[in-house]
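# A closer look at the structure
Chain by chain, the residues run as shown.
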Amino acid sequence: MNASHRHRRGRLAAALATIAALAAWPAHAHVVLEYQVAPAASSYRATFKVGHGCEGTPTWQISIDIPAGVQGAKPMPKPGWALEIVREKLAQPYTSHGRTITEDVSRVTWTARTREDQLPNDQYDEFVLAVRTPEQAGTLYWPVRQLCERGRHDWVEVPAPGQKRGDLKSPAAVLEVLPGAAAGHAH
């Protein structure tokens, strides 16, 4: 077995271990990413799964904070939901398609236009962003705020060093960015 094959096999084993660990997280983490592992420096479809409302009532707003290092977030529109995109100046500009990018998306919010457009408590839906993952491998936490007719869930907690994610009451959605750039470039 050559070194390249061993390296790929090791990365695959690490990815599978990460997926298994993520799948074992507790059921109370109700806003999660569909795909919780992605390669560094690649296009990624961040699909946030919302499985219930608050206090038995419908969800009327979902707001997602974009982690530092994630570039070019583009939300997928949802029929019946208005989009709000917040941009902020970057501390470290980057280049994309020959242009210097000095500000980028920092938050995306979907808000139901009418009561009929809200996500009922007993139904499931997805809120989607297309992004580019950071150049560096590591763990990214995506704070998500869910507003309902009664109450709210702020899925924003990040484990402290040595703390298990399962110990958190309202964990942020998580993405494990693995080393190695993906082949190709998508929009």
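To start, this report covers the structure provided alongside it. For clarity, every value in this text was computed on a predicted model and none was experimentally measured.

## Quick look at the nonpolar core
Ranked by internal contacts, the top residues of the largest apolar core, which has 29 residues, are Leu33, Phe48, Ile64, Trp110, Leu129, Trp142 and Leu175. Broken down by secondary-structure element, the contributors of at least two residues to this core are strand S1 (31-33), strand S2 (37-40), strand S3 (43-50), strand S4 (59-65), strand S7 (99-112), strand S8 (125-132), strand S9 (138-142) and strand S12 (173-181). Leaving out residues up to four positions away in the same chain, Leu33 has contacts with Tyr44, Ala46, Thr47, Phe48, Trp142, Ala173, Val174 and Leu175.

## Quick look at the layout of surface pockets
The computed volume of the second largest pocket comes to approximately 270 Å³. Taken together, 15 residues form the lining of the second largest pocket, with Pro67, Ala68, Gly69, Val70 and Leu90 sitting closest to its centre. Elements with a minimum of two residues in the lining of the second largest pocket: strand S6 (81-96) and S7. Examining the composition of the lining of the second largest pocket, we find that 6 residues originate from one element, S6, more than from any other. Of the residues contributing to the lining of the second largest pocket, the split by class is 8 nonpolar, 4 polar and 3 charged.

## Observations regarding the sheet that holds S7
Read across the open sheet, the 5 strands follow the order S6-S7-S4-S10-S11; overall the sheet is antiparallel. Because the sheet does not close on itself, it has two edges, and the strands there are S6 and strand S11 (152-155). Neighbour to neighbour, the strand axes of the sheet diverge by 15° on average, direction disregarded.

Reading the values: the criteria
Residues numbered from 1 in each chain as written. Predicted model: local features only at pLDDT ≥ 70, side-chain atom pairs only at ≥ 80, totals over all residues. Heavy atoms only, no water. Core = buried A, V, L, I, M, F, W, Y, C linked by side-chain atoms within 4.5 Å. Buried < 20%, exposed > 50% of the residue type's maximum accessible area, 1.4 Å probe, protein only. Helix = DSSP H or I, 4+ residues; strand = E, 2+ residues; numbered from the N terminus. Contact = heavy atoms within 4.5 Å. 1 Å grid on protein atoms, 1.4 Å probe; cavity = no way out; pocket = protein on both sides within 12 Å on 5 of 7 lines; lining within 4 Å. Points joined across faces, edges and corners; volume = space filled by probe spheres on them. Nonpolar A, V, L, I, M, F, W, Y, C, P; charged D, E, K, R; others polar. Pairing = 2+ DSSP bridges. Axes fitted to C-alpha atoms, helices over the stretch in contact; angles between N-to-C directions.

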